[in-house]
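# Coordinate analysis (summary)
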Amino acid sequence: MKRLLFLAPVAVFGVLLVVFFLGLGRDPRSLPSVFIGKTLPEFAAPAVRPGDVGLSRADLNGGDPVLLNVFASWCGPCRVEHPVFMRLRAEGVPIHGLDWKEDAEAGYRWLQENGDPYIRVGSDPAGRVGIELGVAGVPETFVIDKQGRVRYRHVGAVTPDVWERKLRPMMEDLRREP
Amino acid sequence: MSAEVGQFALILALLLSAVQTVAPLYGAHRGDGVLMAVGRQAAILQGVFVSVAFACLIHGYVTCDFSMALVAQHSHTTQPLAYRIAASWGSHEGSMLLWVLILAIYGAGVAGFGGTLRETLQARVLGVQGVLGLAFLSFLIFTSNPFLRLSPAPVEGTELNPLLQDPGLVLHPPLLYLGYVGFSVAFCFAVAALLEGRVDAAWARWIRPWVLAAWAPLTAGITLGSGWAYYELGWGGWWFWDPVENASLMPWLLGTALLHSALVLERRGALASWTILLAILTFSLSLVGTFLVRSGILTSVHAFAVDPQRGVYILGILAATTGVSLALYAWRAPALRAGALFQPVSREGGVTLNNLFLTALTATVFLGTFSPVFIEMLNGDKISVGPPYYNRTFAPLAVPLMMLVVFGPMLNWKRDEAKRVLQRVRIPAILAGVALILAVALGGLDHLLAAGGIALGAWLLFGSLAVLVRRWWAGRAYLVRSILTTPRAVVGLVIAHAGLGMLVIGVTGTTAWDSEKVLNMRPGQTIEFAGRSLTMIALETVRGPNYEARQARFSVEDRFGPYRFRSERRFYPSAQSQTTEAAIRVGFTGNFYVSIGEESPGGIVVRMWSHPLIVWIWIGGFAMSIGGLVSLSDRRLRVGAAVRAPLPAAPQPLPAE
């Protein structure tokens, strides 16, 4: 019996090792969304900016490829990617925002302070819309094509590198699509 | 040229680590003094060659040798010298080299200063150390070579991430690594003890200083990292439960447990096999901390370049070190001599309880950090674990532990009576009660929880000081002498426990009473906030060595008088990124934190926070670290390893701490 007790640590470690090994195969950054190639489900998120219209599914079939960025003021990596979106906005790339799991007020303050790169921005205080969209955490960014279909989902901050290497070429291709 | 020298030095070090593995282990097995001496020489030479390699890398950074791929990726000619040097450990490869450097230096230390150890034990420790050196040097050389050349060499490099260009971050990784790698020495001692099949007093006396030497810098490193996040990330948070932060917290928690159980082992010979297990697990968690974030299994703000090949290699190292040592543990530990018995109410009992809580806390953090991996494996769901989980699980375990901290040093070894222990802590208890009443009076009944936190902090502070007071009171007839002869270990204990109290006060103060305000301001405008009046004097563009900044200068009037400070938003053109340099007025009663945001025709967004008492978080953290260092300087630890002494230290004339 006592021997078994001393065996426990190595047994537990063995299990952990197997889990970690299997876990290596996955890439936590590129989560395929279940909506790849499909349109997102209907949703309507109330406004973040006072007196604004908020964000709904309909805003995503505007005839131009757009980015949908899920963010929150309490999220560290969102601060890292925010200046990138500010620059994209200045370059004319259309971006919509979804403020996840916090009061609209907090999101609005954050946008006021750091700048507001979004065309439409919706508030999702309880994370309900996030569940609809299959959001696992913030930040996440969806690339949506002219027909309103999700073409790519990026998990984690959109750094200048990610934008230049991955998202920009993708957006340019989508823009050329019929 | 320096890259090639560094490369060769690393290869030589790798070969030497192979010698360091085989020679002393075989020598100890055969009782061959010459082979064991070869092991010592190999360890010292390995230290020399890894140092040469590291010096070569630094040379490349200092001279801006962009033909070295690593330098080109993380350095820029306009980057200040200090940050060019710091950049040498700002990348995955460079930080691995630093890791190996510290490992090699510790190995050389065991070889050079371990003369008082039993020869076979020292040889086995060095042999195990050699295995670690072999594993990490080959990882470095084969998967993360820091000395790769670029051809053609670029004219200019890519700048180090501006967020990392900060004095705090220059020291943060080396301190953490001193801690992580320091635990490797305890690990080597543990495995060597299992190989030897015995744990004796000399072993126990050797392991504690090494644990302290790792724990103190790790504490300082974590504190520094938290301080950096506070002032650099620009929104005044100080702990985010990010996987990488957790990865440093786990070895810290378990290392703290190890620190205490090693004390029992040293003084009473009890808890031997538990201490060995803790030593193995603490270092394993350090490995997890240093490496798992590089394997791509978890995402984090801090995550380094992700590469599955590296991940497999790291898992291999984990399997080889932790797996083999735990298997060895299962095989050999049951045969270890059980230590002296003790009553539940005793110093040993207190430490056991402390260990239980700390282990449970570690498990909590571990589950929180890795449950996304497990859950996805089970049913494919992606989840994220955030602060709410930790608030609900960590705090309820940490609070009782902290309430118990005061009792520990008040308990007698072997057996004690609950009633008399309670008697001994009555004065700190009364003072904590007074603190509670004061906090309720000042903060109101709405903040009862916060008042409880302040009382807990006071309890820890006064309870720790009471250890000294009690000691001196008992020797009051010879007060000066009894003050002068107080062992540094006791002073260290008091400082560290009091530091924990300060930390609690800081966390409570800033969690319960912080306030913030955001508004648009123009130069000349004045605003009242949290008992201060803030005036923006000027808003202008300034140039730094490698950045441009919008700088707002403020003058502030508070009850301590007027002062000025400034807040910046910096833009680094070559890295194409922005950082916030907040204006922070640090004070013992609270910080005033002002950061600026976007500009518009209506002015510039100014966000201000009042963070009451927050500075005590870091004062407390550094106090704990200093307590560890003071304890490390204790004479008993420095000379304690002398196995030739016929008896353990003479019983102390005064009732122990």
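Keep in mind that this is a model prediction, so the values were computed, not measured.

## Examining the overall build of chain A
Of the regular secondary structure elements, chain A holds 5 helices and 7 strands. If you line up chain A on its principal axes, its C-alpha atoms span 70 × 40 × 30 Å. When contacts within chain A are restricted to residue pairs at least 6 apart in sequence, those whose partners lie at least 24 apart make up 73%. Taken as two groups, the 23 positive and 22 negative side-chain charges of chain A have centres that lie 7 Å from each other.

## Some words on the pattern of salt bridges
Tallied over the full model, the rule gives 30 salt bridges over all chains. Between Arg149 of chain A and Asp145 of chain A there is a salt bridge; the shortest N-O distance is 3.1 Å. Overall, Asp145 of chain A belongs to the buried group, its relative accessible area being 0%. In this structure, Arg607 of chain B and Glu516 of chain B form a salt bridge, with 2.8 Å as the shortest nitrogen-oxygen distance. Residue Arg607 of chain B is found in strand E9 (residues 603-612), and its partner Glu516 of chain B is found in strand E1 (residues 515-521); the two are separated by 91 residues along the sequence. The class of Arg607 of chain B is buried, set by a relative accessible area of 7%. Here Glu516 of chain B falls in the partly exposed class, since its relative accessible area comes to 35%. If you follow the salt bridges from partner to partner, you end up with Arg87, Glu91, Glu164, Arg168 and Glu172 of chain A in one network.

## Some points on the nonpolar core
Counting residues in each nonpolar core, the largest one holds 146 residues, and the members touching the most others are Trp99, Phe136, Phe147, Phe189, Trp203, Ile276 and Phe394 of chain B. By residue number, the principal contributor to this core is helix H7 (residues 167-196) of chain B, which donates 16 residues. Once you skip the residues sitting within four places of it in the chain, Ile276 of chain B turns out to touch Ala190, Ala193, Leu194, Val199, Trp203, Tyr329 and Leu336 of chain B. Grouped together as the second largest cluster of nonpolar side chains are 41 residues, Val70, Val84, Leu98 and Trp110 of chain A included.

## A closer look at the pairing of strand E8 (residues 590-600) of chain B
Residue and element names in this part refer to chain B. Taking burial as the measure, the 11 residues of E8 include 8 buried ones, the bulk of the element. Relative to E8, strand E7 (residues 583-585) is paired through 3 bridges, and the arrangement is antiparallel. Note on E8: the bridge partner recorded for Ile584 is Tyr593. With antiparallel pairing between neighbouring strands as the criterion, E7 and E8 make up a hairpin whose turn holds 4 residues.

## What about the domain arrangement of chain B?
Residue and element names in this part refer to chain B. Under the domain assignment used here, chain B contains domain 1 (1-165), domain 2 (203-317 + 326-409), domain 3 (425-513 + 617-628) and domain 4 (515-613). Each of domain 3 and domain 4 was reduced to a C-alpha centroid, and the two centroids are 34 Å apart. Listed per partner, the contact involves 9 residues of domain 3 and 7 residues of domain 4. Interface area, domain 3 with domain 4, both sides summed: about 470 Å², of which 64% is carbon and sulfur. Contact with domain 4 buries surface across domain 3, with Thr510, Trp513 and Ile619 losing the most and accounting together for 61% of the total. Taken together, the links from domain 3 to domain 4 amount to 0 salt bridges. When residues in the side of domain 3 that touches domain 4 are grouped by element, the largest group, 5 residues, is from helix H18 (residues 488-513).

## Comments concerning the sheet that holds strand E3 (residues 66-71) of chain A
All names here are of chain A. Taken together, 5 strands build an open sheet; the order of strands is E5-E4-E3-E6-E7 and the sheet is mixed. Edge positions in the sheet fall to strand E5 (121-124) and strand E7 (150-155), since each has one partner strand and no second. Averaged over all pairs of adjacent strands, the angle between strand axes in this sheet comes to 15 degrees, irrespective of strand direction. With 5 bridges connecting them, E3 and strand E6 (residues 140-144) associate as antiparallel partners. Its bridge partner lying in E6, Val66 is registered against Ile144.

## Describing the packing of helix H6 (residues 119-143) of chain B against H7 of chain B
Residues and elements named next belong to chain B. Where H6 meets H7, the axes come as close as 8 Å, and the angle between the chain directions of the two elements is 125 degrees. By the angle between their axes, H6 is oblique relative to H7. Considering how the two elements wind past one another, H6 and H7 form a crossing that is right-handed. Contacts from Thr120, Leu121, Arg124, Val125, Val128, Gln129 and Leu132 of H6 reach H7 at Ser184, Phe187, Cys188, Phe189, Val191, Ala192, Leu195 and Glu196. Looking at side-chain class alone, the contact of H6 with H7 contains 10 nonpolar, 3 polar and 2 charged residues.

## Considerations on the sheet that holds strand E5 (residues 561-572) of chain B
Residue and element names in this part refer to chain B. Sheet architecture is open: 5 strands sit in the order E2-E3-E4-E5-E6, paired in antiparallel fashion. Only two strands of the sheet have a single partner each, and these edge strands are strand E2 (526-529) and strand E6 (577-581). Averaged over neighbouring strand pairs, the angle between their axes works out to 25 degrees when direction is ignored. Bridge count between E2 and strand E3 (residues 532-543): 4 bridges; the pairing is antiparallel. Across the sheet, the residue bridging to Glu528 is Ser533, located in E3.

## Quick notes on helix H13 (residues 387-405) of chain B
All names here are of chain B. A rise of 1.5 Å per residue sets the reference length of H13, with its 19 residues, at 27 Å; its end C-alpha atoms lie 25 Å apart and thus fit the reference within 8%. Residue Phe394 marks the point of greatest curvature in H13, where the axis turns by about 35 degrees; the proline Pro396 follows within four residues. Along H13, the positions that sit buried rather than exposed are Tyr390, Phe394, Ala398, Leu401, Met402 and Val405. Residues of H13 that are buried in the fold lie against helix H9 (243-268), helix H12 (347-379), helix H16 (448-474) and H18.

Basis of the calculations
Residues numbered from 1 in each chain as written. Chains lettered and ligands numbered in written order. Predicted model: local features only at pLDDT ≥ 70, side-chain atom pairs only at ≥ 80, totals over all residues. Heavy atoms only, no water. Helix = DSSP H or I, 4+ residues; strand = E, 2+ residues; numbered from the N terminus. Contact = heavy atoms within 4.5 Å. Lys, Arg positive; Asp, Glu negative; His and termini not counted. Charge placed at Lys NZ, Arg CZ, Asp CG, Glu CD. Salt bridge = Lys/Arg side-chain N within 4 Å of Asp/Glu carboxyl O. Buried < 20%, exposed > 50% of the residue type's maximum accessible area, 1.4 Å probe, protein only. Core = buried A, V, L, I, M, F, W, Y, C linked by side-chain atoms within 4.5 Å. Pairing = 2+ DSSP bridges. Domains from an automatic or database assignment. Buried area = accessible area lost by both parts, 1.4 Å probe. Axes fitted to C-alpha atoms, helices over the stretch in contact; angles between N-to-C directions. Parallel < 35°, antiparallel > 145°, perpendicular 65-115°, else oblique. Left-handed = near helix turned anticlockwise from the far one by under 90°. Nonpolar A, V, L, I, M, F, W, Y, C, P; charged D, E, K, R; others polar. Expected span 1.5 Å × (residues − 1). Bend = angle between axes of the 7 residues up to and from the residue.

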